[in-house]
Amino acid sequence: MKPCENIAHCVLASIFILFHFHISLGQTSLNKIGLKQGPYSVGFQHYTKVDRTRTYSRVYDFSNQKIPRPIPISIWYPSSQDSPNKAPLKILDYMEILKEEEEWENLPNEQILNWFYYANNPANQTHLKEVTKAYLDLEEAKGKFPVILYSPSFQASSVENFAMCEYLASEGFIVIASPSRGTETRWFGNNLAKEMETQARDVEFLIKEAGLIANSDLTKIAVMGFSFGGLANIIAQMRNDNIKAVISLDGTERYQYDLLKKSPFFGLHKMDVPYLHMAQKDIPEKVLNEDKIDSTLNTKFVLYDSLSLNRAYRLKFHDLTHSYFSTLGVLFQARDGRQDKSDPEIMNAYKWVSILGLSFLKAFLLEDSTAKTAFKSQLELIGTNKNLMSYREKGQKSTAFTFNDFNALASAQQYNSLWELYEESKKKHPELNLPEGNLNTLGLQLIFNAKTSNQGVKVFNLATQLYPKSANLFDSLAEGFLSMGNHKKAIANFKKSLDLNPQNQNAIDRLKILTATP
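All values derive from a computational prediction rather than experimental measurement.

What counts, and at which threshold
- Residues numbered from 1 in each chain as written.
- Predicted model: local features only at pLDDT ≥ 70, side-chain atom pairs only at ≥ 80, totals over all residues.
- Heavy atoms only, no water.
- Buried < 20%, exposed > 50% of the residue type's maximum accessible area, 1.4 Å probe, protein only.
- Helix = DSSP H or I, 4+ residues; strand = E, 2+ residues; numbered from the N terminus.
- Pairing = 2+ DSSP bridges.
- Right-handed = clockwise from strand over helix to strand, strands pointing away.
- pLDDT = per-residue confidence, 0-100.
- Contact = heavy atoms within 4.5 Å.
- Polar contact = N/O pair within 3.5 Å; in protein donor to acceptor, adjacent residues only side chain to side chain.
- Axes fitted to C-alpha atoms, helices over the stretch in contact; angles between N-to-C directions.
- Parallel < 35°, antiparallel > 145°, perpendicular 65-115°, else oblique.
- Left-handed = near helix turned anticlockwise from the far one by under 90°.
- Nonpolar A, V, L, I, M, F, W, Y, C, P; charged D, E, K, R; others polar.
- Phe/Tyr/Trp six-rings, centres within 6.5 Å; stacked < 30°, edge-to-face > 60°.
- Lys NZ or Arg CZ within 6 Å of the ring centre and 35° of its normal.
- Salt bridge = Lys/Arg side-chain N within 4 Å of Asp/Glu carboxyl O.

Some details on the pairing of strand E6 (residues 174–177)
(1) Moving on: On E6, burial covers both faces: Ile174 and Ile176 on one face and Val175 and Ala177 on the other are all buried.
(2) Moving on: Where strand E3 (residues 67–79) and E6 come together, three bridges link them in antiparallel fashion. Among the inter-strand pairings, Trp76 is bridged to a residue of E6, identified as Val175.
(3) Moving on: Note: strand E5 (residues 145–151) against E6, four bridges, orientation parallel. Within the sheet, the bridge partner assigned to Val147 lies in E6 and is Ile174.
(4) Moving on: Handedness of the E5-helix H6 (residues 162–170)-E6 crossover: right-handed.

Have a look at this one:
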């Protein structure tokens, strides 16, 4: 018996994860990976929420019952408890979560390895007993922490990369993940564009969930995805400006660009945040031929090559095939004797994937200039000196400084000293243009609001300095003063508007009323 009874789904899964002819056993362990934990203890929670805007069926219940879409959620978070008075989680605890997410909650634990396609050998049985770095329900550390939304690979569990998630949490990040599951059931259907959209919606559900975490900093959100999860993260980022950075662990978006473009939300102009893509090594010609894999898979980085508005990095790890970008892959996946490197090489490369991911987040999500220098040094170290990977990078092209950009700065200083801000911005961005119509609309929005009316006056003062012959601006300013109850200044500005445009009927009518003798 095996859980994947639908052969089409099994074939699809094999296409995406590229596991073929595994013939040797792995000799790995969490300790041998060698990830050094950060200053925080790691707390862990797992629970299930439901999205009542979508329906779902449990595939193995063999019923027609529709239920609200369940979203199992795993969270790793920083804790200040130095010596937790409890035992850490074992890998078996994570595998029990995998059972739940696969909808086999009652499967006996002794069946886990057989059931989920891992070799039931002494090495893997030992893995189940290994102790992790996470503790259940620790007290949350005080302060605010950035949020990482993790998207698993094709139909995979929220805990597939638990070691990396623990590592990030120990360094002061909240990591939140849900499983990769189909639109209607646990399994993906044949319409992968629809499944990509479903997983992107699940990512957005996690954004909402992160907002319920008391110590989460929602101004600093990044997405991290493995394989198929990379596609969903790109779509989620393109329609959510609060996602500030993207990490791809050999994400499918690098060669399934046409699938990305099927999304109505796709637009390269929206991909304007720092992007790190870490890819697998070149697949040997022997494997390409035997497994009938398109040889362009080794060279395709269509999304990276198309980017122009953001800082982007493309790394290729010489010691990793696709499956080893996840913890479960490193520990449990049988090795492909035709192409896989040795276990020490695989574990070392996985360690550096984790380290570089952390450095990238510190550099670009936290906007730390020192971390940016360190990240660059690490790239050179492991790329040149250690020869573990090769990399390319591209800088962010300057984009036009827009009215919205100017308004963001003006609003931050409550619209004080606007002329000085304009002159300073114009020096830095000679292309800056503040259209009269935009200033007029913004000024009216502010001046008609009793809480911001004085700020609106300041906007009109700037506008009339830039456009001193605009009768409409003075007319609008007069209407603003009128709404504020300042009839004297309203009259003065209606007169100024009328001087500039004697045909301004609104000013004529207003002045008749305002200057009429009681």
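Quick look at the confidence of the model for the protein
(1) Moving on: With 94% of its residues at a pLDDT of 70 or more, the protein has an overall mean of 91.
(2) Moving on: Within the model, pLDDT remains below 50 along residues 1–26, and this stretch shows 63 contacts once partners closer than five positions in the same chain are excluded.

Overview of the environment of Thr296
(1) Moving on: When you line up the elements, Thr296 lands in the loop between helix H10 (285–290) and helix H11 (302–306).
(2) Moving on: Among the residues examined, Thr296 registers a relative accessible area of 30% and is labelled partly exposed.
(3) Moving on: Considering only alpha carbons, one finds Thr296 and Ser342, 46 residues apart in sequence, at a separation of 25 Å.
(4) Moving on: In this structure the side chain of Thr296 is engaged in a polar contact, spanning 2.9 Å, whose partner is the side chain of Asp294.

Concerning the environment of Lys300
(1) Moving on: Turning to its location among the elements, Lys300 is positioned in the loop between H10 and H11.
(2) Moving on: Taking relative accessible area as the criterion, Lys300 reaches 32% and is therefore assigned partly exposed.
(3) Moving on: With near-sequence residues (within four places) excluded, Lys300 lies in contact with Arg254 and Tyr255.

Notes on the packing of helix H19 (residues 471–484) against helix H20 (residues 487–500)
(1) Moving on: Close contact between H19 and H20 brings their axes to 8 Å; oriented N to C, the two are set at 165°. In terms of orientation, H19 lies roughly antiparallel with respect to H20. In this structure, H19 meets H20 at a crossing whose hand is left-handed. Packed against H19, whose contacting residues are Ala471, Phe474, Asp475, Leu477, Ala478, Glu479, Phe481 and Leu482, the element H20 presents His487, Lys489, Ala490, Asn493, Phe494, Lys496, Ser497 and Leu500 at the interface.

A word on the packing of H19 against helix H21 (residues 505–514)
The relative placement of two packed helices comes down to the angle between their axes together with the axis-to-axis distance.
(1) Moving on: The N-to-C vectors of H19 and H21 enclose an angle of 30°; their axes lie 11 Å apart at closest approach. Viewed along their axes, H19 and H21 form a crossing whose handedness is left-handed. Across the interface between the two elements, Asp475, Glu479 and Leu482 from H19 touch Asn506, Ala507, Arg510 and Leu514 from H21.
(2) Moving on: By residue class, the composition of the contact of H19 with H21 is three nonpolar, one polar and three charged.

As for the packing of aromatic side chains
(1) Moving on: Scanning all chains against the criterion turns up 20 aromatic pairs.
(2) Moving on: Aromatic side chains Phe154 and Phe228 sit 5.8 Å apart centroid to centroid with 85° between the ring planes, which places their arrangement in the edge-to-face category. In this pair, Phe154 is assigned in the loop between E5 and H6 and Phe228 in helix H8 (residues 228–238), connecting sequence segments 74 residues apart. The exposure classification of Phe154 matches that of Phe228, with both residues buried.
(3) Moving on: Seen in terms of ring centroids, Tyr313 and Phe360 are 6.5 Å apart; in terms of plane orientation they differ by 85°. Their pairing is edge-to-face. One end of the pair, Tyr313, is in strand E10 (residues 312–317); the other, Phe360, is in helix H13 (residues 343–365), with 47 residues separating them in the sequence. Note on accessibility: Tyr313 and Phe360 belong to one class, buried.
(4) Moving on: Lying over the aromatic face of Phe265, Arg239 brings its terminal NZ or CZ to 4.4 Å of the ring centre.
(5) Moving on: The ring of Tyr304 has Lys394 sitting right over it, with the charged end atom 4.7 Å from the ring centre.

Brief notes about the pairing of E10
(1) Moving on: Of all six residues in E10, six are buried; the element is thus mostly enclosed.
(2) Moving on: Here E10 shows no split at all, with Ala312, Arg314 and Lys316 on one side and Tyr313, Leu315 and Phe317 on the other all buried.
(3) Moving on: Pairing between E10 and strand E12 (residues 389–394): six bridges, direction antiparallel. Of the residues in E12, the one forming a bridge with Lys316 is Ser390.

Topic: the sheet that holds E5
(1) Moving on: The strand order across the open sheet built from ten strands is E4-E2-E3-E6-E5-E7-E8-E9-E10-E12, with neighbouring strands paired in mixed fashion. Edge positions in the open sheet fall to strand E4 (134–136) and E12, since each of these has one partner strand only. On average, adjacent strands in this sheet sit at an angle of 25° to one another, irrespective of strand direction.
(2) Moving on: Sheet strands touched by helix H3 (residues 91–101): strand E2 (41–56), E3 and E4. Its angle to E2, the strand with the most contacts, is close to 0°.

Observations regarding the pattern of salt bridges
(1) Moving on: Within this structure, the stated rule accounts for 28 salt bridges.
(2) Moving on: Note that Arg54 is salt-bridged to Asp202, the shortest N-O span being 2.8 Å. Separated by 148 residues along the polypeptide, Arg54 in strand E2 and Asp202 in helix H7 (residues 192–210) bring together distant segments of the chain. In this structure, Arg54 and Asp202 share a single accessibility class: buried.
(3) Moving on: The partner of Lys372 in a salt bridge is Glu367, and the shortest N-O contact between them spans 3.0 Å.
(4) Moving on: Of the residues examined, Glu367 reaches a relative accessible area of 53% and is grouped as exposed.
(5) Moving on: Here the salt bridges do not stand alone but share partners, grouping Lys286, Glu290, Asp291, Asp336 and Arg338 into one network.

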